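Understanding the architecture of this molecule
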Amino acid sequence: MLYQRSSALFSEAQQYIPGGVNSPVRAFKSVGGVPLFMKEAKGAYLTDADGRQYIDYINSWGPAIVGHTHPTVLEAVQKQAEKGFSFGTPTELETEIAKLIIENVPNIDQIRMVSSGTEACMSAVRLARGFTGRDKIIKFEGCYHGHSDAFLIKAGSGAATFGNPNSPGVTQGTAKDTLLARYNDIAQVKDIFSKFGAEIAAVIVEPIAGNMGCVLPENDFLKELRKICDEYSSLLIFDEVMTGFRLSFGGAQEALGIEADLVTYGKVIGGGMPVGAFAGRQEIMNCLAPKGAVYQAGTLSGNPLAMRAGLTTLQLIRGDDSFYNRINQTTETLDIEVSKLLATKGIEHTINRKGSMMSIFFGINKVSNFDDAARADHTAFNHFFHYLLERGIYLPPSGFETWFISDAVKGEEVSKTLEAIEKWEYKKD
């Protein structure tokens, strides 16, 4: 049995942890089988509890952009740990990382550190409501902004309608203030604003969607969102938990040339430690406590270990002029060569890619929104996932997730991946 130790560990974990995992996607429910328990990560590779090694195309869902346990980051964190883990007081480190970000990211004046992407998005929405004095927000089907109540909403009975809770524990009262729209459907957004515009505090969107697979904005979608928000004096929030410091150092705002009012961060900003942040213009951020009336707090926000890991990672990236060209080229090579191999086999598919993010969708030739992603052949993806897993290649365990490529992935890893895919033959059950 390939995953004997992982199987035993999963059985034990289920006795003490709900579902055996501390985040649902880790349970392999989408792809089936036993989730792998990892014991080590270094460079481009993960090592599981059975001692098997895997080329990693998740990279902790994005943070490990320079590779796992990069020696410079590791040394910096070790030195910081000797000085203390957390003080519950301000530190100079917090200002250092804030200054680096603000000086290099367009259209933000101040940034508040938190401990997760969920917390960042939740806080940004609260701030938007406090700043505008309005209650409603628009989010998009297939975009995930964490597990805060306001975001766990599914579509209602028709287009441009109120959403309904899609998790027990989320109230109808919360759901009524969240309006759902289809990603890339600007006409639907305009329809919603025509009905509720004076009540809408903000539109929150993943500028490059990563939670229905990688889905790109089309037909000036983001530019039109910017115009509509300006017209109705609503705020535009970019959820850059995935794209921040990954698409470019300035994130999607810089890469796509669109300015948001508020931006949320996570993943790369913490260098592998639990970190989130939200940032924006001075007039908006001034509304936050202790300066303003919108309350937000966190005991471990800006803790020195996380700040040191994040600052060191960002300094590594910022100091390497070829970093983004290199990592994007690796991803482009994977995209082109995998597509060639699948086309040669006559396997219908599409690959969406932006920067160092990409996804493969089987059985469909275009994916622009969640409905498209749902129509893809996920049985084929599950087969593809397990085939590669058995050969030491670790993909996201869901056809609705994005691959995140790290700078540690080089020609050798790409070649091994392509060699395995070249031998794959998908046969429907």
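Sequence order as written defines residue numbering, which begins from 1 separately in each chain. Side-chain atom pairs in this predicted model are given and counted only at pLDDT of 80 or more, local residue features only at pLDDT of at least 70, and totals for whole chains, interfaces and linings cover all residues. Only hydrogens and water are removed before side-chain values are computed, so all heavy atoms of the structure are retained for them.

**Concerning the sheet that holds strand β4 (residues 110-114)**
- Any two strands with at least two DSSP bridges between them are considered paired. The helix count covers DSSP runs of H or I at least four residues long, the strand count covers runs of E at least two residues long, and both are numbered beginning at the N terminus. Taking strand neighbours across the sheet as the criterion, the seven strands line up as β4-β12-β11-β10-β9-β5-β8 in an open arrangement whose pairing is mixed. Two strands close off the open sheet at either side, each with one partner strand: β4 and β8 (178-182). Pairs of neighbouring strands in the sheet enclose a mean axial angle of 20°, with direction left out of account.
- Where strand β10 (residues 235-239) meets strand β11 (residues 262-265), three bridges bridge the pair, whose relative direction is parallel. By the bridge assignment for β11, aspartate 239 is matched with threonine 264. Axis lines are fitted through C-alpha atoms, for helices just across the contact stretch, and the angle between N-to-C directions can take any value from 0 to 180 degrees.

**Digging into unusual backbone geometry**
- In this chain, alanine 289 is followed by proline 290 through a cis amide linkage whose omega measures 10°.
- Tracing the backbone shows proline 290 in the loop between α9 (282-285) and α10 (304-318).
- A positive phi angle, near 65°, is found at phenylalanine 28, a position not held by glycine.
- Structurally, phenylalanine 28 is set in the loop between α1 (4-16) and β1 (38-42).
- By relative accessible area, which is 1% here, phenylalanine 28 ends up buried.
- Notably, asparagine 184 is not glycine yet its phi reads approximately 75°, a positive angle.
- Secondary-structure assignment places asparagine 184 in the loop between β8 and α6 (186-196).
- Taking the relative accessible area as the measure of exposure, asparagine 184 reaches 17% and is therefore buried. Type-normalised accessible area, obtained with a 1.4 Å probe on protein chains alone, sets the label of each residue: buried when under 20%, exposed when over 50%, and partly exposed for intermediate values.

**Re the packing of helix α11 (residues 323-344) against helix α14 (residues 411-422)**
- The N-to-C vectors of α11 and α14 enclose an angle of 15°; their axes lie 10 Å apart at closest approach. The orientation of α11 with respect to α14, classified from their angle, is roughly parallel. As for how α11 packs across α14, the hand of that crossing is right-handed. Residue-level contacts link Thr330, Thr333, Leu334, Glu337, Val338, Leu341 and Leu342 of α11 to Val414, Thr417, Leu418, Ile421 and Glu422 of α14.
- When residues are grouped by polarity, Ala, Val, Leu, Ile, Met, Phe, Trp, Tyr, Cys and Pro land in nonpolar, Asp, Glu, Lys and Arg in charged, and all others, Gly among them, in polar. A per-class count over the contact of α11 with α14 returns seven nonpolar, three polar and two charged. Just so you know how the angles are binned, under 35 degrees is roughly parallel, over 145 roughly antiparallel, 65 to 115 roughly perpendicular, and the rest oblique. Note: crossing handedness is left-handed where the near helix turns anticlockwise from the far helix by less than a right angle, and right-handed where it turns clockwise. A contact between two residues is defined here by any heavy atoms of the two lying within 4.5 Å.

**Here we look at the domain arrangement of the protein chain**
- Domains are outlined according to an automatic or database domain assignment. Under the domain assignment, the protein chain is made up of domain 1 (4-57 + 321-423) and domain 2 (71-319).
- Once you take the C-alpha centre of each, domain 1 and domain 2 turn out to be 25 Å apart.
- Contacts between the two partners involve 25 residues from domain 1 and, on the opposite side, 25 residues from domain 2.
- Roughly 2000 Å² of surface becomes buried between domain 1 and domain 2 when both sides are summed, with 57% attributable to carbon and sulfur atoms.
- Of all residues in domain 1, the largest losses of buried area upon contact with domain 2 belong to Tyr324, Lys354 and Met357, amounting jointly to 31% of the total for that side.
- Within this document, salt bridges are pairs made up of a side-chain nitrogen of Lys or Arg and a carboxyl oxygen of Asp or Glu, the two lying within 4 Å of each other. Between domain 1 and domain 2 we count two salt bridges in total.
- A salt bridge links glutamate 218 to lysine 366; the nearest nitrogen and oxygen atoms lie 3.1 Å apart.
- Polar contacts, as used here, are pairs of N or O atoms within 3.5 Å; protein pairs need one atom able to donate a hydrogen and one able to accept it. Residues neighboring in sequence count only if both atoms are side-chain atoms. One can count 13 residue pairs in polar contact (both at pLDDT 80 or more) joining domain 1 with domain 2.
- When residues of the side of domain 1 that touches domain 2 are traced back to their parent elements, those giving at least two are α11, β13 (349-354), β14 (357-362) and α12 (370-375).
- Among the elements that make up the side of domain 1 that touches domain 2, the one with the highest residue count is β14 (four residues).
- Split into classes, the residues belonging to the side of domain 1 that touches domain 2 amount to twelve nonpolar, seven polar and six charged. Defined in terms of a 1.4 Å probe, buried area is the accessible area two parts forfeit on being brought together, summed over both.

**Considering the nonpolar core**
- What makes a nonpolar core is a set of buried Ala, Val, Leu, Ile, Met, Phe, Trp, Tyr and Cys residues whose side-chain atoms join them at distances within 4.5 Å. Judged by nonpolar contacts, the single largest core of 107 residues is most densely connected at Ile101, Phe140, Leu225, Phe245 and Tyr265.
- Here this core spans two domains, since at least three of its residues come from each of domain 1 (4-57 + 321-423) and domain 2 (71-319).
- Discounting chain neighbours no more than four positions away, the residues touching phenylalanine 245 are Ile65, Ile101, Val105, Gly251, Tyr265, Val268, Ile269, Leu314, Ile317 and Tyr324.
- Membership of the second largest hydrophobic core comes to 21 residues, among which are Leu127, Ala128, Ile204 and Leu235.

**A closer look at the pattern of salt bridges**
- All told, the structure shown has 23 salt bridges when counted by the stated rule.
- Between arginine 182 and aspartate 185 there is a salt bridge; the shortest N-O distance is 2.6 Å.
- By relative accessible area, arginine 182 is classed as partly exposed at 27%.
- Between arginine 375 and aspartate 372 there is a salt bridge, with the nearest N and O atoms lying 2.3 Å from each other. Of the two residues, arginine 375 and aspartate 372 both sit in helix α12, three residues apart, roughly one turn of that helix.
- For arginine 375, a relative accessible area of 55% corresponds to the exposed category.
- Salt bridges sharing partners connect three or more residues here, namely Arg226, Asp230, Asp261, Arg281 and Glu283.

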